[in-house]
Amino acid sequence: MQLSLFTLLVPSYEAGIEAYVGQMGFTLIEDTPLDAPKRWVVVAPDPVAPPRLLLAAATDGPQRDAIGAQTGGRVMGFLETEDFARDHAKLIAAGIRFLEEPRRESYGTVAVFEDPFGNRWDLIQPAG
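Residues numbered from 1 in each chain as written. Predicted model: local features only at pLDDT ≥ 70, side-chain atom pairs only at ≥ 80, totals over all residues. Heavy atoms only, no water.

Caption draft 1: Spotlight on the overall build of the protein chain. Helices and strands together make up the secondary structure of the protein chain, namely three helices and nine strands. In the protein chain, the succession of α and β elements from N to C terminus is β-α-β-β-β-α-β-α-β-β-β-β. Taken against the 2.2 N^0.38 rule, which gives 14 Å for 128 residues, the C-alpha radius of gyration of the protein chain at 15 Å falls within 12% of a compact globule. Its C-alpha atoms give the protein chain principal-axis dimensions of roughly 45 × 30 × 30 Å. For the protein chain, the proportion of its 128 residues judged to be buried stands at 37%. Taking the intrachain contacts of the protein chain between residues at least 6 apart in sequence as the baseline, contacts between residues at least 24 apart amount to 53%. (Helix = DSSP H or I, 4+ residues; strand = E, 2+ residues; numbered from the N terminus. Rg over C-alpha atoms; globule rule 2.2 N^0.38 Å. Buried < 20%, exposed > 50% of the residue type's maximum accessible area, 1.4 Å probe, protein only. Contact = heavy atoms within 4.5 Å.)

Shown next as structure tokens:
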């Protein structure tokens, strides 16, 4: 078994695609209409390897309230890079807000950022 897909609540499919594909540079893997207004929208930082994100448009109050807080303020995802400086600069240029300056840890170079909905992510270049 392997983890292949995680659901992420977003305000709308369009907002989710703009954030993850337009700003964060993910690849749109699939956008298939289902029973209206639902769609199967899958994005991924790596178009070949899992895991991927299933963007789910929030449909009610509790789901809307959970947008950006699905992990209770903890880091939700870890984006691993081979070139921290390049990807850090690219995300900043795309309007992504980092919550801290990059720092070196024993495990690598890392900085926490928020996606446009408030979910926290680590951008990390592993040591070695």
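Caption draft 2: Up close: the sheet that holds strand 2 (residues 27–33). Pairing is mixed in the open sheet, where four strands are placed in the order 1-4-3-2. A strand with exactly one partner marks an edge of an open sheet, and here the two such strands are strand 1 (5–10) and strand 2. Strand-to-strand twist in this sheet, taken as the mean axis angle between neighbours without regard to direction, amounts to 25°. Looking at chain direction, strand 1 and strand 4 (residues 52–57) are connected through six bridges and run parallel. Across the sheet, residue leucine 8 finds its bridge partner in strand 4, namely leucine 55. (Pairing = 2+ DSSP bridges. Axes fitted to C-alpha atoms, helices over the stretch in contact; angles between N-to-C directions.)

Caption draft 3: Representation of helix 3 (residues 84–93) within the structure. When helix 3 is considered as a whole, its buried residues turn out to be Phe84, Asp87, His88 and Leu91. Down the axis of helix 3, the sector holding all buried residues measures 105°, keeping them to one side. Residues of helix 3 that are exposed and point over 90 degrees away from its buried face: Ala85, Lys90 and Ala93. Where the residues of helix 3 are buried, they touch helix 1 (13–23), strand 6 (97–98), strand 8 (108–114) and strand 9 (120–126). Residue glycine 95 follows helix 3 closely and has a positive phi angle near 95°. (Arc of directions from axis to C-beta.)

Caption draft 4: Highlighting the side chain of arginine 39. Mapped onto the secondary structure, arginine 39 falls in strand 3 (residues 39–44). Only 2.7 Å separates the side chain of arginine 39 from the side chain of glutamate 14, close enough to count as a polar contact. Ignoring sequence-local partners within four residues, the contact set of arginine 39 consists of Tyr13, Glu14, Ile17, Asp31, Thr32, Pro33 and Leu34. (Polar contact = N/O pair within 3.5 Å; in protein donor to acceptor, adjacent residues only side chain to side chain.)

Caption draft 5: Spotlight on a nonpolar patch on the surface. Together, Leu5, Leu34 and Trp40 line one region of the surface with nonpolar side chains, adding up to about 250 Å² of accessible area. Within the element layout of this structure, leucine 34 appears in the loop between strand 2 and strand 3. The exposure class of leucine 34 is partly exposed, given its relative accessible area of 44%. (Patch = residues over 30% accessible without salt bridge, like charges linked within 9 Å, V, L, I, M, F, W, Y side chains within 5 Å. Areas by Shrake-Rupley, 256 points an atom, 1.4 Å probe, with all protein chains shown as cover. Salt bridge = Lys/Arg side-chain N within 4 Å of Asp/Glu carboxyl O.)

Caption draft 6: Structural view of the pattern of salt bridges. Applying the stated criterion across every chain, the model contains eight salt bridges. Across the pair arginine 103 and glutamate 100 runs a salt bridge, and its minimum N-O distance is 2.2 Å. For glutamate 100, a relative accessible area of 27% puts it in the partly exposed group. Within the structure, one salt-bridge network assembled from shared partners comprises Glu14, Asp31 and Arg39.

Caption draft 7: Structural detail: the packing of aromatic side chains. Summed over all chains, the structure comprises five aromatic pairs. Arranged with centres 5.3 Å apart and planes meeting at 65°, the rings of tyrosine 20 and phenylalanine 26 form a pair that is edge-to-face. Looking at phenylalanine 26, the relative accessible area reads 5%, which means it is buried. Ring geometry for phenylalanine 113 versus tryptophan 121: centroids 6.4 Å apart, planes at 10°, classification stacked. A relative accessible area of 0% places phenylalanine 113 in the buried class. (Phe/Tyr/Trp six-rings, centres within 6.5 Å; stacked < 30°, edge-to-face > 60°.)

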